[in-house]
Structure formats: C-alpha cells, structure tokens
Amino acid sequence: MPLAIETRGLTRKYGRLTAVQTLDLQVNAGTIFGFLGPNGSGKSTTVKMLTSLLKPTAGVVLINGLDIRTHALEVKQMIGVLPEDLALFDYLSIWEHLLMVGPIYGLSRDETARRAEQLLRFLDLWQTRHTLVNQASYGMKKKCSLGMALMHNPQILFLDEPFEGIDPVSSRNIKDLLMRLSANGVTVFLTSHILEVVEKLVQSFAIIVRGEIVSRHDVVELTNSGVTLEEVFFRHVSHNSGAELFWLE
Amino acid sequence: MAGIVAVLRSLWVSYWRMVKRPGNLTAGHQGALFIIVGLILFKYVQFLRLSALDLGRGSTRRLEVLLGAIFVIWMFPLVGDTQFGALRRSTYLPFSSHQLYVIRLLSPFVALRSWVIAGASAGMFYWLHYTSQPAAALVAIVLFVTFSYFSGLAAADLSATAVGRRCLVILLILASLGVTADAALTGHGVMVEMRRVRLLLPPHLVGRILVGERVVGSLALLAVFTSVAWALSTLATKTSLQGEPLRGSRARTGRGLPILPGKFAGLVAKDLRHFQRLPDLYFGLLVVIVSALYLISAPDPSVQVLWPILILYFASNVMAPFNFFGADDAVGFDRYMLMPLTGKMIILSKNIACLLLVAVQTVPLVCLVVWRMGWLMGFLSLIEVGGMMFCYMSWGNWISISHPRRIHFHRFASEGPLPEILLGVVFGSLPGVLGVAVAVKENNSFSSLIWQMTLIFIASFVIYLGSLSRFGKAMEQRRESIKAALS
C-alpha cells in the first residue's frame, strides 16, 4: 500500500526544549490513523510540521511522496487541515469563510457556493451561517474550520482534535463521513483525547509521549490480542490520583 | 482592595513581559526611539517655555495649542489600550462595577507611555511661575488633565461597543451640523463660528484662568466639563464591561462582504472589513473630507494646495500599509499558511485591499478635481496618488514582515517602530513631494509636467514590483517570527 504520510527523523526544538524528537512515521493511503498522547506531548507540533505550519528543526516530511519543503504549494493543494487553533478570522461569518477558501483552491464561484451550502447543511450550520466567528460557539467554529478543510475534497485530511467541543449528533455525522472518505481513498490523520471514538474509527495509531513515539499498533491486531486501546494508552501515560487535593472533599 | 492590586499586578507583569519579549534592548531600534521621544520632549519643553513667556504678554494662543495637543495625546494610551480586552474577560471575577471601574481607571498606567504623557502633563505646572493666580491655575491644570483623562477613557470605552461607536458618530455629526446651522442662521462664516465654539473649550478656559480673566466662572465651567467627562466615562466603562459589544456588528456586517472577482476576493474583502475597524484610518477620511470641502468651496482651487493635502492623507493612513498582518492575529495568520498561496500572492492580496481602501477615498477627490480643474489635472492627480500609493506599499511590504505587531480592533494602532515608520512616511511621500515640486516649477510646460509625473509614477511602480517579489519570498522565510509577533 502506498504511503500517504511519511516522516524521517522529524524533530522540532524550541530553544532547549525538544517538542518532537526524531519522529519516524508512516501512514498508508486511504486509512484513518490516530495520533494519541497526553497534553503537551507533541501531537499538535507534529501536525503543524506535517501541514507546513511549522518548520522542522530537522528531518523530512513526505506527503504523497512529495517533500513538503520543496513542494509546499502542491502539498497544500492536496491536504485539508483542521488545525488546533482553528485558524479563523474573527470578523468573517461562517458562510464567508467557506466562500473565501473555494476560489483559492481553484473552485468556481458557483461550485464554491454549492459545496459551501451542502457542507454547512451537513454540519448543521446552515441556519447560523451568517454568525460572525467571534460570536460563534467553539463547536460552531470547529465545524466551520472542518468545512473549510473539506471544501476542496482533499486527498489527505489532518484533523487536530476533531471531536472536542462538538455536539453528539454532529460528532456521529463526522465519524460516518470520515469512514466514507477513508473508504473512498482519503487518508485521515487525526489526534484525539476521546479514546473510545478513536478505537472505533482508526485502523492504526501511535502514542507520543514527551515528543517520542512510545507505541504504535494496528487496531485489528490489538483487538485480536484482547487488549483495548485505553489499556495501551495508560500503560504509557501515567496518571495522578489527586490524593493531595483532600481539601476539595 | 487586595483583588484590585492583584489584577493590576498581573496586568503589569503581562505588559512588561511583552515589552521585554524581544530579549534585546536594541530590538525595534529602541535607541533611535528614545532619541526621537527625547527630541519631541525637548521641543515640548521649548514650547512650554515660549507659551509661558506669552502668558506674561497676556497671549494664550500657543498655550491653548499645547493644551489641545495634551488632550489629544491622552487619547492614544487610552483608546489604544489593549489591556482592556483582558479586563473585559475578567468580569467573571467577584468585583463590583465600582471596583471594575477603579481597575479600568488605573490599568492604562501599566504602560510606560502613560507615564511619559503624565510627566509631560505635569510639565504644565511650569506655567504657575508666570501666572498671577497660581492657586487657581494649579486647580485649572489638574482639572484639565483629569478632564482629558476621563474624556479619553469615555471615548475608548464607548468605541469598544457598537452602540457607543454609533453614539460617538452621531455626536460628531450633531456637533458639525450645529456649528454649520448656527453659522447659517447668524450669517457668520463657519470659521467665525468655530472661533466662538473655541471660547467654550477647556483649553481656552485654562488660558483665561492663567491670565487672570473671569477666573471663577472659567473654573466652574471647567469643573462641570470634568464632572461630565467623569460621569460619561463611568457610564461607558460600565456599558462596555457588561454589554454585548458585538451584537450590532453581527446584524450589520455578517452578510455584507463585498462581492469581488478573482482568486483572492475573499481575502481582500476580509482585509477591507478589518480596515473599517481601525480608528487610525478615519484620520485619512477626515483629510479627504477637508480636501473635498476645499475643492468644492475654493473659488480657484489649485493642485499646489491639493497635492500637499494628499501627501498628508497618505501620511495619516500609514497604519493600513505599514502593518498588513496586524489585524489577522496569529490564528488568522495560520490560515494564510495553510492555503496554497505563495508569500507573493498573500502580500498581493493585502496590497489590493489597501489599494481599494485608498481608491474608495481618493477617487471621489479626483472626480472633484476633474470637475473643478479639468481632465488633465484629474489625470495628474491620479498619477500623484498612484505614485505615493506604490511607494507606501513598497515600504509597507517590508515593514509588515520585518516589524509586524498585533492590532486590536477599535483601538488606535499608531504605535510601532517609530524610526521605520517616519522613514517610510518620507519614502512614501517622495513621489508626492516630487510631484508638487514639478507642479510649482516656473516655466514648466504642460507636456513636460505630464512627462515628469509619468516618470515618477513608473519609477514608483517598478519599486513596488521589486518589493512584491523580494518581500513575498522573505515572508515565507519569516513566517514563524511574524506569527510569534502577532500572538
């Protein structure tokens, strides 16, 4: 199976802090890949490097075989991104955001309007499409950003926490859509803290802790071995019982 | 009290952390900035001394100008105060509206510039040596500074809400209409009417007190003005902290994006909407209105008067081209980076938006020039505007990526790397100044005037194309530092 996403020795440092350390990652085309880890483990930094929002300190990123440093425009044309901070403009409405991106990806005005309407209806944003982003709820903003990521029918989707802050109905719709997209050959790279959702959705996943991948698994193999994703996760990520917070009791 | 101190302390820490963030005292040419501020203060002290000498002769004109400047200068730290946003987000804390007002009142003093202006205001006590009524003068100066501060606070907090902004505009229109109507009814000219209004303004009242004329009446009037400004500021702060400031904006602008053609249409329209929310740019509009009034009313309008006004227009509009990414903030900047656009394309979209903004304001002027002075002068005025536009954008393309800084909507954004901005104004005005020079040159025929002006325009355009290419590439290389500056 061809690789949609490949990294070799991907590293990002902020001064003395190493956020991501020599990351080697391969994601097959047409699959849904989960990238898991606790807060501050380097998930979003990795997504930013994969989507050219952040320059790696070292290492290579290949998207559909293209080096992101030398083919940035071609890569951006073929990917859709739901970034961590959503990357929206406060003083544009949800509708205007979708109309803005269509022509940039080469869509005609009519086609842009048609797709925007269908996406907003699907994401349950049609009634509130004229709301300015700075007045929209977090969930509405996230769905708007997701709509923008889907607008040009990308070959690869990078979704940073797509289900956080989303209502259950929309969450279910998005899950179904991602599975349909994957079945049609679209590669989905997602990060999430909702382990149950990830387990049902992804074909394979990796866990990153303090900038390094500590575990990677195929979900089918994991299920066959009788271990859950949650068990694997907590094997690598310690948790605090909160015993010192006795004053809250 | 402890809560108020805690909030102010956190604002203080946050401000100074932001100031120290570059980690280098030479960053942003701070040395040059200190020299410029020092020079301005030096000139201020000189002016202070001259106005004090005038006092001895019973003249208060220079003193009133200085007081007017102090009043306007106080607006900047208040209307440009970005700490207010943080304060608004803190209203969930257990503070009464009175306590929130106290925090609001003191929060501008977190910034260094407020202390500089306060120091400059304190310099007015120098006049006490030259007045026959030192006690009354002391009270008058204190009242005037307090009045200026409360007025700035009221304007800042009113401009933070959609309703408040409308009130300010309505107030301004009513005041203008009042002066014009009174001038028409009494048969006086507008200028005479303005002089009559001046007699009631606080700077004139302070002047009268300092020369010992109608001291009690002037002091009483000044006290009334200060009380009204205080009442207005408490009301404005309360409204803006408790209200939903953006409700009006939604109804007005959520559907109003202009329909523009082309790939960047959405980006250009977005920038135009951002520009509408920057109060600095309304100074440019003011210059346009003055120019239009001149063109309509002057018996024999001439380009020798109009073109220098156009130079002033561009100088007052620098915030648009000199900080293209400021209004996008770091989050919006990410969207640019995600889209399949080169740095050159992104800068071009910004330039088109800026060009449209200037076109909307200056094309009506050019039409007036055509009406009053003929097609040829209209064409030359267009060339004059175009030349300056391209030079301003050339400089702006550089400064926008080398010194980006966050702009907060409905707040003055007139801060930044002062030496670079001043040099940019000189550079951008160059085609305009050259245009004026060739226009006033004696024995210059029309054909040579057209030639010279066209040459200036072409040179500006070539410089612009070079800047677009050079700084488009530079933007891609510096994207992370731009984002960091905007966050």
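All figures in this text were calculated on a predicted structure; none of them were measured in a lab. (Residues numbered from 1 in each chain as written. Chains lettered and ligands numbered in written order. Predicted model: local features only at pLDDT ≥ 70, side-chain atom pairs only at ≥ 80, totals over all residues. Heavy atoms only, no water.)

Caption draft 1: The overall build of chain A, seen in detail. Counting its regular elements, chain A contains nine helices and 10 strands. Whereas a compact globule of 249 residues would reach a radius of gyration of roughly 18 Å, chain A reaches 19 Å, a difference of no more than 12%. Considering only C-alpha atoms, chain A reaches an extent of 55 × 50 × 40 Å along its principal axes. Scored against the burial criterion, the 249 residues of chain A give a buried share of 53%. Restricting to contacts in chain A with at least 6 residues of sequence separation, those with at least 24 account for 68%. Of the roughly 11200 Å² of accessible surface on chain A, 51% is carried by carbon and sulfur atoms. Of note, chain A has its 24 positive side-chain charges centred 5 Å away from the centre of its 26 negative side-chain charges. (Helix = DSSP H or I, 4+ residues; strand = E, 2+ residues; numbered from the N terminus. Rg over C-alpha atoms; globule rule 2.2 N^0.38 Å. Buried < 20%, exposed > 50% of the residue type's maximum accessible area, 1.4 Å probe, protein only. Contact = heavy atoms within 4.5 Å. Areas by Shrake-Rupley, 256 points an atom, 1.4 Å probe, with all protein chains shown as cover. Lys, Arg positive; Asp, Glu negative; His and termini not counted. Charge placed at Lys NZ, Arg CZ, Asp CG, Glu CD.)

Caption draft 2: Geometry of the confidence of the model for chain B. With 86% of its residues at a pLDDT of 70 or more, chain B shows a mean pLDDT of 82. pLDDT under 50 marks residues 245–254 of chain B. Its contacts with residues more than four places away, or in other chains, come to 27 contacts. (pLDDT = per-residue confidence, 0-100.)

Caption draft 3: Structural context of the packing of aromatic side chains. In the structure shown here, the tally under the stated rule is 27 aromatic pairs over all chains. Centroid distance F390 of chain B to Y464 of chain B: 5.2 Å. Interplanar angle 40 degrees. Geometry classified as tilted. On the criterion of sequence distance, the pair formed by F390 of chain B in helix 18 (residues 375–402) and Y464 of chain B in helix 20 (residues 446–477) is long-range, its members being 74 residues apart. Neither residue differs from the other here; F390 of chain B and Y464 of chain B are each classed as buried. Connected via pairs of aromatic rings, a cluster forms that spans F33, F35, F158 and F189 of chain A. It is R129 of chain A that lies over the ring of W126 of chain A; its NZ or CZ is 3.7 Å from the centre. In this structure, R62 of chain B packs its charged tip against the face of F47 of chain B, placed 5.9 Å from the ring centre. (Phe/Tyr/Trp six-rings, centres within 6.5 Å; stacked < 30°, edge-to-face > 60°. Lys NZ or Arg CZ within 6 Å of the ring centre and 35° of its normal.)

Caption draft 4: Summary view of the sheet that holds strand 3 (residues 32–36) of chain A. Residues and elements named next belong to chain A. Spatial ordering of the open sheet is given by 6-7-8-3-9-10, a layout of six strands whose pairing is mixed. Looking at which strands have only one partner, the edges of the open sheet turn out to be strand 6 (79–82) and strand 10 (212–218). Direction aside, the axes of adjacent strands within the sheet are offset by 15 degrees on average. Strand direction decides the pairing type here: strand 7 (residues 156–160) and strand 8 (residues 187–191), joined by five bridges, are parallel. The residue of strand 8 that forms the bridge with I156 is T187. Lying on the sheet, helix 9 (residues 229–236) is in contact with strand 3, strand 9 (204–209) and strand 10; it crosses strand 9 at an angle near 20 degrees. (Pairing = 2+ DSSP bridges. Axes fitted to C-alpha atoms, helices over the stretch in contact; angles between N-to-C directions.)

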